[in-house]
Amino acid sequence: MASIWEYANPVKFIRTADRLLPWLSGLALVLMAVGLFWGFFLTPEDYRQGATVKIIYLHVPAALMAINAWLMMLIASLIWIVRRHHVSALAARAAAPVGALMTVIALATGAIWGQPMWGTWWAWDPRLTSFLILFLFYLGYMALWSAIENDDTAADLTSILCLVGSVFAVLSRYAVNFWNQGLHQGASVMRAGAIAGDTEERVSNVYAVPLFVCMAGFAVLFVALVFLRTQTEIRARRTRALLARERMA
């Protein structure tokens, strides 16, 4: 049985990604198309939130992937620190723009959802604030990679930044459990009940099933984009190495 560490070899990773990308891309397209169509057009309006509730099919999956993308970067960064595998460092770098995009989608859809429900586009709510800080960490992470020419040094420093930013990734997920104040409702997807603004209720099955399909679609899309971007980062690193050798020669 092949060891997972074999995929730290850039050539093997690229070949594996080439085989998987068409399947992952197709699966992501199907899941997202089915989930979004089902959610937006085949579900009823909520008795409290009306048609506004349907933004859940973009907001929740994007927010989930924004947090999990950073956690994936954390794992990849730890692998780099411990085992010094370049593919793991490049995978973390590749995931950052995707995670940042998911954070923007979550913040934007949250504002669109919150305005009619809360009467404001933004509030300094614990979860919203921690999510905004997480987005700033994404920007800082990408800027740090771009500012340092030496890839190994950049990987070291961004890994440390990733460790610090993980605090806000956790806060973004569990902020409403730490603090009772704030407008954002608590976890509702995994609770028993019916959809509503009440924090003691959860999304009913008529909304939950297409939501889970959307979440799966976003997750597969994230994996596909990270594979694609990691391939690009590996090739870019090889190009930089070859150019450096030519300059030395």
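Residues numbered from 1 in each chain as written. Predicted model: local features only at pLDDT ≥ 70, side-chain atom pairs only at ≥ 80, totals over all residues. Heavy atoms only, no water.

> Before we move on, could you go through the environment of leucine 74 and cite the residues and values that matter?
Structurally, leucine 74 is set in helix 2 (residues 56-83). Residue leucine 74 is classed as buried on the basis of its relative accessible area of 18%. The sequence separation of leucine 74 and serine 166 amounts to 92 residues, and the corresponding C-alpha distance is 7.1 Å. In this view, leucine 74 contacts Cys162, Leu163 and Ser166; residues no more than four positions away in its chain are not counted. (Helix = DSSP H or I, 4+ residues; strand = E, 2+ residues; numbered from the N terminus. Buried < 20%, exposed > 50% of the residue type's maximum accessible area, 1.4 Å probe, protein only. Contact = heavy atoms within 4.5 Å.)

> Can you tell me about the packing of helix 2 against helix 3 (residues 86-118), naming the residues and giving the values?
Two elements in contact, helix 2 and helix 3, have axes separated by 7 Å at closest approach and are oriented at 155°. Relative to helix 3, the element helix 2 is oriented roughly antiparallel. Both helix 2 and helix 3 take part in a crossing whose hand is left-handed. By residue class, the composition of the contact of helix 2 with helix 3 is 21 nonpolar, eight polar and no charged. (Axes fitted to C-alpha atoms, helices over the stretch in contact; angles between N-to-C directions. Parallel < 35°, antiparallel > 145°, perpendicular 65-115°, else oblique. Left-handed = near helix turned anticlockwise from the far one by under 90°. Nonpolar A, V, L, I, M, F, W, Y, C, P; charged D, E, K, R; others polar.)

> Now, about the UniProt feature "transmembrane region" (unreviewed entry) in the chain: what can you tell me, with residues and values included?
Mapped onto the present numbering, the UniProt feature "transmembrane region" (unreviewed entry) falls at residues 20-43, 55-82, 94-114, 126-145, 157-176 and 207-228. Between the C-alpha atoms that bound residues 20-43 the distance is 33 Å, and the span itself is 92% helix and 0% strand. End-to-end, the C-alpha atoms of residues 207-228 are 32 Å apart, and along that stretch the chain is 100% helix and 0% strand. (UniProt positions renumbered as here; feature names shortened; annotations may be inferred.)

> Describe in detail the layout of surface pockets, supporting the description with residues and values.
In this model, the second largest pocket occupies a volume close to 530 Å³. Lining of the second largest pocket is provided by 21 residues; of these, Ile4, Phe13, Val87, Ala91 and Phe227 occupy positions nearest its centre. Put simply, the parts of the chain that give the lining of the second largest pocket at least two residues each are helix 1 (10-41), helix 2, helix 3 and helix 6 (205-248). Examining the composition of the lining of the second largest pocket, we find that five residues originate from one element, helix 6, more than from any other. The residue inventory of the lining of the second largest pocket, partitioned by class, reads 17 nonpolar, four polar and no charged. (1 Å grid on protein atoms, 1.4 Å probe; cavity = no way out; pocket = protein on both sides within 12 Å on 5 of 7 lines; lining within 4 Å. Points joined across faces, edges and corners; volume = space filled by probe spheres on them.)

> Which residues make up unusual backbone geometry, and what values do they have?
For arginine 84, which is not a glycine, the phi torsion comes out positive at approximately 60°. For arginine 84, the position within the fold is in the loop between helix 2 and helix 3. Taking the relative accessible area as the measure of exposure, arginine 84 reaches 38% and is therefore partly exposed.

> Would you mind going over the packing of helix 1 against helix 6 in detail, with residue names and values included?
The geometry of helix 1 relative to helix 6 is characterised by a closest axis approach of 7 Å and an angle of 150° between their N-to-C directions. Taken together, helix 1 and helix 6 sit at an angle that is classed as roughly antiparallel. Helix-helix and strand crossings are classified by hand; for helix 1 and helix 6 the assignment is left-handed. A per-class count over the contact of helix 1 with helix 6 returns 28 nonpolar, six polar and three charged.

> An account of the packing of aromatic side chains is needed here, citing residue identities and associated values.
Following the criterion strictly, the structure yields six aromatic pairs and no others. Judged by centre distance (6.2 Å) and plane angle (75°), the rings of tryptophan 70 and phenylalanine 137 are edge-to-face. With tryptophan 70 in helix 2 and phenylalanine 137 in helix 4 (residues 126-147), this residue pair connects regions lying 67 residues apart in the sequence. The buried category is assigned to phenylalanine 137, whose relative accessible area is 16%. Taken together, a centroid distance of 6.0 Å and an interplanar angle of 70° make the contact between tryptophan 70 and tyrosine 141 edge-to-face. Within this pair, whereas tryptophan 70 is found in helix 2, its partner tyrosine 141 is found in helix 4, the two being separated by 71 residues in sequence. Judged by relative accessible area, which is 0%, tryptophan 70 ranks as buried. Since its relative accessible area comes to 1%, tyrosine 141 is described here as buried. Three or more aromatic residues joined by ring pairs form one cluster here, namely Trp70, Phe137, Tyr138 and Tyr141. (Phe/Tyr/Trp six-rings, centres within 6.5 Å; stacked < 30°, edge-to-face > 60°.)

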